[in-house]
Amino acid sequence: MQWIKINGNVLRYELSPENGPMLVLIHEMGGTLESWDTPCTRLNNRFRTLRYDVRGSGLSEKIVGQTTVDEQVDDLYALLAALPIEGPIALAGVAVGAAIAIRFAARYPQLISHLIGFSPACGVAPHARHATLECAAAIRHEGLRELIPQLLEKTWPAPLRTDPQAFESFSHRWLSADPQSFAAIFSMLARMELEDDLPRLPSRTLFIAGEYDGLRPPSEIDRLAALASHIETLHVASGHFMPVQSPQWVITLLEQYILDNRAGCDIYQAFMSHPQNRIAPSGHAA
């Protein structure tokens, strides 16, 4: 792990030494670069990977006040410029991490070969923005103990909790997040409006919806994808945090979608045709 000062803020990152195609991985709100541990360990050196703690998360510098998605995009752009990385890159993100990826790809389409959004966020419905901002204010004053269990009911519901240790580890990591930074990113989500960016995304763009995701269900992912005719969608038997809940599926997708240029639906059908790979209600390959 390394730290670097970017745009006046210190970010923690890990750049793997492999020489394969460049793959940049962005974690979810409240997450850390460790959210990608299992996929990165099992990718068999087929990619050169960059993962980092976004501003306010993990062991990166915390947020004082507010942040915007464009500030987060600026951080990624500066990080890529500061490291020995040659483009184009494949970019994958989870939830709010996917929002950063979407905005980055819309601003810098010439740098992106493939974009994969797992449970992508593009903002909050207008009728829910006030409540989301009120929730962010409550987090600043009361911390995360009340909110995290409520979010996990929607993002990692009971049918997926057949691995209690994995669920407990993830929930504890979420509770250890910095409340001020979490609230700032929550507010960022409430103020984001990325739907107009979708038509500008790369031709190889894939959005993944979790069938057990109560926070951003398949109907919402389908609605977003329908705003641009070239965006492909997939529904998979997982939750909101697929790199943690369904790592083997994520690995297969990254390898075949990016390296083999296969269609997402073809990858999923081939993956599910093997009984040992069926994604069980736990969210892990059975």
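My aim in this report is to walk through the structure given alongside it, one point at a time. For clarity, every value in this text was computed on a predicted model and none was experimentally measured.

**Observations concerning the sheet that holds strand 4 (residues 48-52)**
Read across the sheet, eight strands follow the order 1-2-4-3-5-6-7-8 without closing on themselves; strand pairing throughout is mixed. Each edge of the open sheet is held by one strand with a lone partner, namely strand 1 (2-6) and strand 8 (232-236). Each neighbouring strand pair of the sheet contributes to a mean axis angle of 20°, computed without reference to strand direction. Relative to strand 8, strand 7 (residues 205-210) runs parallel, the two sharing five bridges. Residue phenylalanine 207 lies in a different strand from strand 8, and its bridge partner there is threonine 233. Running at roughly 165° to strand 7, helix 8 (residues 218-225) makes contact with strand 7 and strand 8 of the sheet.

**Regarding the packing of aromatic side chains**
In this structure the tally under the stated criterion is 10 aromatic pairs. Measuring from centroid to centroid gives 4.5 Å for tyrosine 77 and tyrosine 108, while their planes differ by 20°, and the two rings are stacked. Placement of the pair is tyrosine 77 in helix 2 (residues 69-82) and tyrosine 108 in the loop between helix 3 (96-107) and strand 6 (112-118), with a sequence separation of 31 residues. Assessed through its relative accessible area of 38%, tyrosine 77 is described here as partly exposed. Centre to centre, the rings of tryptophan 174 and phenylalanine 182 are 6.1 Å apart; their planes meet at 85°, and the pair counts as edge-to-face.

Cut-offs and rules
- In this convention, every chain numbers its residues from 1, walking through the sequence in written order.
- Only residues with pLDDT of 70 or above have their local features reported here, since the model is predicted, and side-chain atom pairs are shown and tallied only from 80 upward, although totals for entire chains, interfaces and linings are computed over all residues.
- Computation of side-chain values: all heavy atoms of the structure, hydrogens and water removed.
- For two strands to pair, DSSP has to find at least two bridges joining them.
- To qualify as a helix, a DSSP run of H or I must reach at least 4 residues; to qualify as a strand, a run of E must reach at least 2; elements of each kind are numbered from the N terminus.
- Structural elements are reduced to axes, namely lines fitted to C-alpha atoms, with helices fitted over the stretch in contact, and the angle between N-to-C directions of any two is expressed from 0 to 180 degrees.
- The criterion used for residue contact is that any of the two residues' heavy atoms lie within 4.5 Å.
- Each Phe, Tyr or Trp ring (for Trp, its six-membered ring) is paired with any other whose centre lies within 6.5 Å, and the angle between the two planes then decides the class: stacked below 30 degrees, edge-to-face above 60, tilted in between.
- Exposure categories follow from relative accessible area, calculated using a 1.4 Å probe and restricted to protein chains: below 20% of the type maximum is buried, above 50% is exposed, and the middle band is partly exposed.

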